[in-house]
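Residue-level structural notes
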Amino acid sequence: MVTKVKNQKKVTVKATHTLEQVSLIPTLREVERIADFLIAEMKFDELLLKENASVTFVIQTQGKRSCYGSYTPNIWTTKDGKKSCEIQISAEHLARPVIQITATIAHELQHKMNNLKGISDTSNNGTYHNGKWLDSVKDMLIMSEKTKKNGHGITVGFTPIFEALVIGELRPDDNAFTLVREIVEAKKKTKSPTKMIKWTCECGVNVRCAVELNAICQECDSQFVKDDTTK
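Residues numbered from 1 in each chain as written. Predicted model: local features only at pLDDT ≥ 70, side-chain atom pairs only at ≥ 80, totals over all residues. Heavy atoms only, no water.

Bringing the overall build of the protein chain into the picture now. For the protein chain, the helix and strand inventory stands at five helices and 12 strands. Within the span of the protein chain, comprising 231 residues, buried residues form 34% of the whole. By sequence separation, contacts in the protein chain at least 24 residues apart represent 51% of the contacts at least 6 residues apart. Carbon and sulfur atoms make up 51% of the accessible area of the protein chain, which totals about 16,200 Å². (Helix = DSSP H or I, 4+ residues; strand = E, 2+ residues; numbered from the N terminus. Buried < 20%, exposed > 50% of the residue type's maximum accessible area, 1.4 Å probe, protein only. Contact = heavy atoms within 4.5 Å. Areas by Shrake-Rupley, 256 points an atom, 1.4 Å probe, with all protein chains shown as cover.)

A full pass over the atoms with the stated rule returns two aromatic pairs. Between Phe37 and Phe162, the ring centres sit 6.5 Å apart and the planes meet at 35°, which makes this aromatic pair tilted. With a gap of 125 residues between them, Phe37 in helix H1 (residues 25-41) and Phe162 in helix H5 (residues 160-170) connect regions that are remote in the sequence. Note on Phe158 and Phe162: the rings are 5.1 Å apart at their centroids and 70° apart in plane angle, and the pair reads as edge-to-face. (Phe/Tyr/Trp six-rings, centres within 6.5 Å; stacked < 30°, edge-to-face > 60°.)

Looking now at unusual backbone geometry. Across the chain, the bulk of peptide bonds are trans and the bulk of non-glycine residues have phi less than zero. Despite not being glycine, Asn124 has its phi angle at roughly 55°, a positive value. Tracing the backbone shows Asn124 in the loop between strand E6 (122-123) and strand E7 (128-129). The class for Asn124 is exposed, based on a relative accessible area of 57%. Even without a glycine there, the phi angle at Asn125 is positive, about 60°. In this structure, Asn125 sits in the loop between E6 and E7.

The next subject is helix H3 (residues 98-116). For H3, with 19 residues, the first-to-last C-alpha span of 27 Å sits near the 27 Å given by 1.5 Å per residue. Of all 19 residues making up H3, 15 are buried, and the element is well covered by its neighbours. Gly118 lies just past H3 and shows a positive phi near 80°. (Expected span 1.5 Å × (residues − 1).)

Below, the discussion takes up the pattern of salt bridges. Tallied over the full model, the rule gives four salt bridges. Between Glu92 and Arg181 there is a salt bridge whose closest N-O contact spans 3.4 Å. Pair noted here: Glu92 is in the loop between strand E5 (83-90) and H3 and Arg181 is in the loop between H5 and strand E10 (197-200), with a separation of 89 residues, a long-range link. Classification of Glu92 as buried rests on a relative accessible area of 8%. According to the relative accessible area criterion, Arg181 is partly exposed, its value standing at 40%. Measuring nitrogen to oxygen at the nearest pair gives 3.8 Å for the salt bridge that ties Glu212 to Lys226. With a gap of 14 residues between them, Glu212 in the loop between strand E11 (206-209) and strand E12 (225-226) and Lys226 in strand E12 connect regions that are remote in the sequence. (Salt bridge = Lys/Arg side-chain N within 4 Å of Asp/Glu carboxyl O.)

Here we have three strands laid out as an open sheet, ordered E11-E10-E12, and antiparallel in their pairing. With one partner strand each, in any of the chains shown, E11 and E12 form the two edges of the open sheet. In this sheet, E11 lies alongside E10 in antiparallel orientation, the contact comprising four bridges. Bridging from a neighbouring strand, Ile197 pairs with Cys209 of E11. (Pairing = 2+ DSSP bridges.)

What follows concerns the pairing of E10. Linking E10 back to E11 in an antiparallel pair, the connection comprises five residues, with Gly204 at a positive phi of about 95°. As paired elements, E10 and E12 share two bridges and run antiparallel to each other. Considered in E12, the bridge of Trp199 is made with Lys226.

This part takes up the sheet that holds strand E4 (residues 69-77). Sheet architecture is open: three strands sit in the order E3-E5-E4, paired in mixed fashion. The open sheet has two edge strands with one neighbour each: strand E3 (55-60) and E4. Going from strand to strand, the sheet's axes swing by 30° on average, the running direction of each strand aside. Direction of pairing for E3 relative to E5: parallel, over a ladder of six bridges. Paired with Phe57 across the bridge in E5 is Ile87. The sheet strands contacting H3 are E3, E4 and E5, and the helix crosses E4 at an angle near 50°. (Axes fitted to C-alpha atoms, helices over the stretch in contact; angles between N-to-C directions.)

Rendered as structure tokens:
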């Protein structure tokens, strides 16, 4: 509904067409609610308050890497100059069971805590999770699996006791995770066909060039001819 003023009289124009908007706001709100629960239950409150730390959650594409989530320190800045880290939840993997998404959020929060403690828990541009990462989650609630590429970085879930707490008290809302971004395959670069033409003489000397060749071999005095057997 749009109201216009014309000659001091109000004229109301009714909109005839609207664009359907499919919002990620419900998903983001549920991610933040889950994070609040995890921060409290994983005993992160005290450290967050002590360091005056803040977290900004985003839901966006995984990009070139296939990952469920990622953590980037101090990538956001408020107008008053306060820094905030980013925890990204990959939009391509929102169709997973909600308990797995919850585990991903816990995984990235653990990175935040390690960062505040000065613990360098990854290498290889954040891909490989080292022994310090494993030590940081041993007594926590995250269960990790080791692979050659990711180290101890594959989160497979929670300890049974904490999973029961998540399901029983937190009760993550499946209905908040109904919108999923398609995985866009990277375009494969195709090699352009060569413009070079192969020419050969009677003694077997080969020459390649991109134009018509009018030349005689100095070894056998024969004319170079186009070799149609090779492209």
